[in-house]
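These are the residues of each chain, in order.
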Amino acid sequence: MATSIKRSKGSQSSLRIGTFSYWIKIATPHSTSGGFQVYSNTVENDNNRGYWQYTSDDKWRMVDNDASGTHIQLRTNRLFKDLAGWYHFVIRIDTTQSTSTDRVRLYVNGVQETSFDQTDYPSQNTDLKIFEGGQTNREYMNRIYGGSPQSANWYVSHFHYCDGQSYGPDTFGSTDATTGEWKINTSPSVTYGNQGWFMFKNDASLNDDSGNGNNWSADSGTIQKSEDCPSNVFATWNEFSRVNNYSQRYVEHLEGSNTAKGTSNANNGNSYSTLGANSGKFYCEIKATDVQSNAYPNIGFMSEPGAVRTSGGSGQITTAGGTTYNPNGDLILDASVTSSWGATYTDNDIIQLAMDLDNGAFYFGKNGTWQNSGNPASGASKTGAARSFTPDGTFYFFGTANYTTSCEVKANFGNGFFGTTAVSSAGTNASNNGIFEYDVPSGYTALSTKGLNL
């Protein structure tokens with residue numbers, strides 16, 4: 001979520017009972033973003049509002065206060081650091097309960113959180129500011145009242161608010177009998193009350209899908225649709241790959257961690273995808289939006305042994321375990337350079353990457369043309385492959401390296417966007433998994449949880 005949205009509340013069904021349920025994928029470490037507020041309802045000012053946030057030390061925190069003092073202050077001991085998957089949160093509030101700990105209950109992926117380092121529960125039958133209506137444009141997502149939209153990158157899906165209702169997590173999700181994973185219920189049977197709403201059901205629309213017509217509006221910027229969702233998680237750039245230069249971070253990840261941009265004029269910063277595979281055939285596209293004259297960015301593939309320093313790797317895509325196609329047309333396998341292997345490329349050219357892990361081959365394309373007469377669908381013959389190898393169970397990832405503070409790439413791992421720009425005309429994709437600019441080679445799919453299980 002790259003902007004903030006807002007709404008004006010009317011008369012509530014209840015100021016004591018309500019349920020929030022939402023799925024969230026966090027793309028920026030809280031230590032980098034400084035934390036962010038998911039939702040807030042401000043009645044008058046900072047001392048008269050209710051909200052919940054993710055703190056700079058990776059915890060979830062909820063506050064409700066007014067002029068008389070703080071009614072709710074809960075902060076988890078648990079840390080929320082997963083940047084590759086989705087969390088499901090249910091906040092169940094009912095101040096009429098006789099037991100204090102039942103007045104605010106938090107569930108994560110179907111399990112109730114019971115360990116908090118701040119534990120202020122409301123008194124019985126307290127009216128809460130998080131529910132109060134009558135404010136004009138003071139119900140927010142991704143913004144603090146009186147402040148600017150927050151900079152954190154995050155995705156949100158199936159966001160419900162049930163005014164006057166108390167629901168547990170099993171209303172909105174269930175445990176998969178085969179995998180044991182918590183999965184989404186896309187059409188829960190709930191009552192929304194006067195001010196309830198259902199946002200981001202299947203798109204980026206700001207219209208309420210509950211039937212109440214409690215629509216939201218953009219506060220700043222534009223909400224961007226994503227194919228990434230709780231039932232199909234797509235690869236992004238891995239935030240933890242940024243530390244491959246020991247404690248230095250020479251690249252930053254933006255726009256839902258699909259954009260990688262250099263931060264140093266003296267060192268290159270390497271990134272690789274959150275998801276990897278050791279079998280199957282996968283495709284992605286990377287737009288080189290700012291190409292440097294010193295042959296950066298490097299775009300290609302990284303092996304797990306090459307990426308992980310603890311297993312002897314350097315973390316550099318142009319050294320052991322790396323395969324890159326560079327703007328000057330060079331191909332680099334490990335640290336060995338083949339000059340003028342392919343066509344040169346420059347700003348806004350789209351590099352296609354095909355990873356055949358069944359036969360052991362990598363292929364590169366440029367703007368719809370496969371380089372070196374490559375044919376990703378050639379199977380065992382590996383026609384025109386940039387690299388051929390014998391599959392041995394090693395995991396591989398899509399990767400890139402950026403040098404200087406201008407060097408930038410925007411990856412489309414299947415969401416159908418390069419940064420915030422949609423593909424101009426989607427190519428064919430027989431797998432029906434992911435949206436790409438060019439035709440996906442026969443037998444290939446997007447690197448996503450669905451793609452890994454095709």
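About the criteria used
Residues numbered from 1 in each chain as written. Predicted model: local features only at pLDDT ≥ 70, side-chain atom pairs only at ≥ 80, totals over all residues. Heavy atoms only, no water. Helix = DSSP H or I, 4+ residues; strand = E, 2+ residues; numbered from the N terminus. Buried < 20%, exposed > 50% of the residue type's maximum accessible area, 1.4 Å probe, protein only. Contact = heavy atoms within 4.5 Å. Polar contact = N/O pair within 3.5 Å; in protein donor to acceptor, adjacent residues only side chain to side chain. Pairing = 2+ DSSP bridges. Axes fitted to C-alpha atoms, helices over the stretch in contact; angles between N-to-C directions. Phe/Tyr/Trp six-rings, centres within 6.5 Å; stacked < 30°, edge-to-face > 60°.

### Brief notes about unusual backbone geometry
For step 1, the next point in the chain: A cis amide bond links Y296 to the next residue, P297, at an omega of 10°.
For step 2, the next point in the chain: Mapped onto the fold, P297 is located in the loop between β20 (281-290) and β21 (298-303).
For step 3, the next point in the chain: With phi around 60°, S257 is a residue other than glycine that occupies positive phi space.
For step 4, the next point in the chain: Along the polypeptide, S257 turns up in the loop between β17 (251-254) and β18 (259-262).
For step 5, the next point in the chain: Accessibility expressed as a relative area gives 1% for S257, which makes it buried.
For step 6, the next point in the chain: Phi is positive for D334, which is not a glycine, with a value near 55°.
For step 7, the next point in the chain: Within the secondary structure layout, D334 lies in the loop between β23 (331-333) and β24 (336-338).
For step 8, the next point in the chain: Judged by relative accessible area, D334 falls into the partly exposed class, the value being 28%.

### Some details on the environment of T96
For step 1, the next point in the chain: Mapped onto the fold, T96 is located in the loop between β7 (87-94) and β8 (104-108).
For step 2, the next point in the chain: When its relative accessible area of 33% is taken as the criterion, T96 is described as partly exposed.
For step 3, the next point in the chain: With 302 residues separating them in the primary sequence, T96 and F398 have C-alpha atoms 52 Å apart.
For step 4, the next point in the chain: Look past the residues within four positions of T96 in its chain and what remains in contact with it is R16, I17, Q124 and N125.
For step 5, the next point in the chain: Looking at T96, its side chain comes within polar contact range of the side chain of D94, at 2.5 Å.

### Some details on the sheet that holds strand β5 (residues 60-66)
For step 1, the next point in the chain: Taken together, the 8 strands give an open sheet; going across it, the order is β10-β6-β5-β4-β3-β11-β1-β16, and neighbouring strands pair in antiparallel fashion. Each edge of the open sheet is held by one strand with a lone partner, namely β10 (116-120) and β16 (217-220). For this sheet the average axis-to-axis angle between neighbouring strands, irrespective of direction, equals 15°.
For step 2, the next point in the chain: Sheet topology places strand β1 (residues 4-7) next to strand β11 (residues 139-141); 3 bridges connect them, and they run antiparallel. The residue of β11 that forms the bridge with I5 is M141.

### Section: the packing of aromatic side chains
When we look at a pair of aromatic rings, we describe it by the centre distance and by the angle of the planes.
For step 1, the next point in the chain: For the coordinates displayed, the defined rule picks out 40 aromatic pairs.
For step 2, the next point in the chain: Ring geometry for F36 against W154: centres 5.3 Å apart, planes inclined by 20°, an arrangement best described as stacked. In this pair, F36 is assigned in strand β3 (residues 36-42) and W154 in strand β12 (residues 154-163), connecting sequence segments 118 residues apart.
For step 3, the next point in the chain: Taking 6.3 Å as the distance between ring centres and 50° as the angle between the ring planes, the aromatic pair formed by W86 and Y155 counts as tilted. With W86 in the loop between β6 (69-76) and β7 and Y155 in strand β12, the pair connects residues that are 69 residues apart, well separated along the chain.

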